[in-house]
Amino acid sequence: MRPTPPPTIQPLTPDFEAPHFRQALSRFATGVTVITTFAPGAQKGASASSSFVGITASSFNSVSLTPPLVLWSLGHKASSLPLFHAGTHYVVNVLAADQLDLCNRFAYGKGDRFADTAYTLGQAGLPILKGALAWFECHNRSRHEEGDHVIFVGEVERCGFSEGSAPLVYQGGQFSTTTPLPQPLP
């Protein structure tokens, strides 16, 4: 005997305003990243910092181990959206707790954000920030328009990490880091 499929339920209209939704979302702690890609006219492997663009993002998440996929999103109004949308590669740099200055530089900085930023170039010729807790060099596999954002799915081609650093965390409108909780005795 076949099971009866569940009834079709229509989506409900949200019963809250955008500020309430934003406050609820702010309770979720996220890591902080700087995502880098090529700027217009950049040459692959160029070392001049003006060849790159970078943004601060907290929307990073893993998708799959096989194949290795990650995702992040960027608002439709972001001036850098066309660069990330058209680009073939980007690097997701996961920031350490001592990199709040980099977080702010790439979130609010004007002009060349790479001018005083230490980095090395990955195999795709994109900046991997010195001191990053982890980094993921990604092929821009797919893009999905959802609401007021574009969701980028990247296939990780190379990655790395550092030992012993604490992560930069954003929650409730504030930056902090993590501390381990006491573990119960076995």
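Above: the structure in question.
In short, a report on the structure. Sequence order as written defines the numbering, with residues in each chain counted from 1. Note on the predicted model: pLDDT of at least 70 is required for a residue's local features to be given, and 80 or more for side-chain atom pairs to be given and counted; whole-chain, interface and lining totals, by contrast, use all residues. Side-chain metrics in this entry use all non-hydrogen atoms of the structure; hydrogen atoms and water are not considered.

### A word on the sheet that holds strand β5 (residues 69-75)
- Two strands qualify as a pair provided that DSSP identifies no fewer than 2 bridges between them. Runs of E in the DSSP output that reach at least two residues are strands. Runs of H or I that reach at least four are helices, and both are numbered from the N terminus. The strand order β3-β2-β6-β9-β10-β5-β4 describes an open sheet built from seven strands, whose pairing is antiparallel. Single-partner strands in this sheet number two, and they are β3 (52-57) and β4 (61-64). Pairs of neighbouring strands in the sheet enclose a mean axial angle of 35 degrees, with direction left out of account.
- The pairing of strand β2 (residues 33-38) with β3 spans six bridges and is antiparallel. If you follow valine 34 over to β3, its bridge partner there is threonine 56. Comment: axis = line fitted to C-alpha atoms, over the contacting stretch for helices; angle = value between 0 and 180 degrees taken between N-to-C directions.

### Examining the layout of surface pockets
- Here the largest pocket defines a volume of roughly 1600 Å³.
- Note on definitions: the grid is 1 Å and covers protein atoms alone; a cavity is a set of points where a 1.4 Å probe fits but cannot get out; a pocket is an open set with protein on both sides within 12 Å along at least five of seven lines; lining residues have an atom within 4 Å of a point. As for the largest pocket, its lining consists of 41 residues, of which Arg22, Ser58, Ser59, His149 and Tyr170 are closest to the centre.
- Elements that contribute at least two residues to the lining of the largest pocket include exactly α1 (18-25), β1 (30-31), β3, β5, α3 (100-108) and β11 (169-171).
- Per-element tally for the lining of the largest pocket: the top contributor is α3, with five residues.
- Any residue that is not Ala, Val, Leu, Ile, Met, Phe, Trp, Tyr, Cys, Pro, Asp, Glu, Lys or Arg is counted as polar, Gly included; the first ten are nonpolar and the last four charged. Its residues assigned to classes, the lining of the largest pocket comprises 19 nonpolar, 18 polar and four charged. Grid points are joined across faces, edges and corners, and a volume is the space filled by probe spheres set on the points.

### Here we look at the side chain of threonine 37
- Note on placement: threonine 37 falls in strand β2.
- In protein, a polar contact requires one atom able to donate a hydrogen and another able to accept it; more generally it is a pair of N or O atoms within 3.5 Å, and residues adjacent in sequence count only if both atoms are side-chain atoms. Polar side-chain contacts of threonine 37 include one of 2.7 Å to the backbone oxygen of histidine 89.
- Discounting residues that sit within four places of it in the chain, threonine 37 has contacts with Ser51, Phe52, Val53, Leu83, Phe84, His89, Tyr90 and Leu126. By definition in these notes, contact holds between two residues if any of their heavy atoms fall within 4.5 Å.

### Some details on the packing of aromatic side chains
- Side-chain rings of Phe, Tyr and Trp, where Trp is taken by its six-membered ring, are said to pair if the distance between their centres is within 6.5 Å; with planes under 30 degrees apart they count as stacked, over 60 as edge-to-face, and otherwise as tilted. Following the criterion strictly, the structure yields twelve aromatic pairs and no others.
- Note on phenylalanine 52 and tyrosine 119: the rings are 6.0 Å apart at their centroids and 85 degrees apart in plane angle, and the pair reads as edge-to-face. Highlighted residues: phenylalanine 52 in strand β3 and tyrosine 119 in strand β7 (residues 119-121), separated in sequence by 67 residues.
- Exposure classes here rest on a 1.4 Å probe applied to the protein chains alone. A residue is buried below 20% of its type maximum, exposed above 50%, and partly exposed in between. Judged by its relative accessible area of 18%, tyrosine 119 falls in the buried class.
- Plain terms: the ring middles of phenylalanine 114 and tyrosine 119 are 5.7 Å apart, the flat faces sit at 80 degrees to each other, and that makes the pair edge-to-face. Take phenylalanine 114 and tyrosine 119: they sit in the same class, and that class is buried.
- A connected cluster of aromatic rings, assembled from ring pairs, spans Phe38, Phe52, Phe106, Phe114 and Tyr119.

### So, the nonpolar core
- Counting residues in each nonpolar core, the largest one holds 20 residues, and the members touching the most others are Ile35, Trp72, Leu74, Phe84, Tyr90, Phe136 and Phe152.
- In this text, buried Ala, Val, Leu, Ile, Met, Phe, Trp, Tyr and Cys residues form a nonpolar core when linked through side-chain atoms within 4.5 Å. Judged by nonpolar contacts, the second largest core, of 16 residues, contains Val91, Phe114, Leu129 and Leu168.

### Some points on the state of the cysteines
- Two cysteine sulfurs form a disulfide in these notes if their separation is within 2.5 Å. Going through the model one piece at a time under the given rule, you end up with zero disulfides.
- Looking at the unpaired cysteine 103, the closest cysteine sulfur is the one in cysteine 138, lying at 19 Å.
- Cysteine 138 carries a free sulfur, and the closest cysteine sulfur to it, the one in cysteine 159, is 9.0 Å from it.
- Residue cysteine 138 is classed as buried on the basis of its relative accessible area, which comes to 0%.

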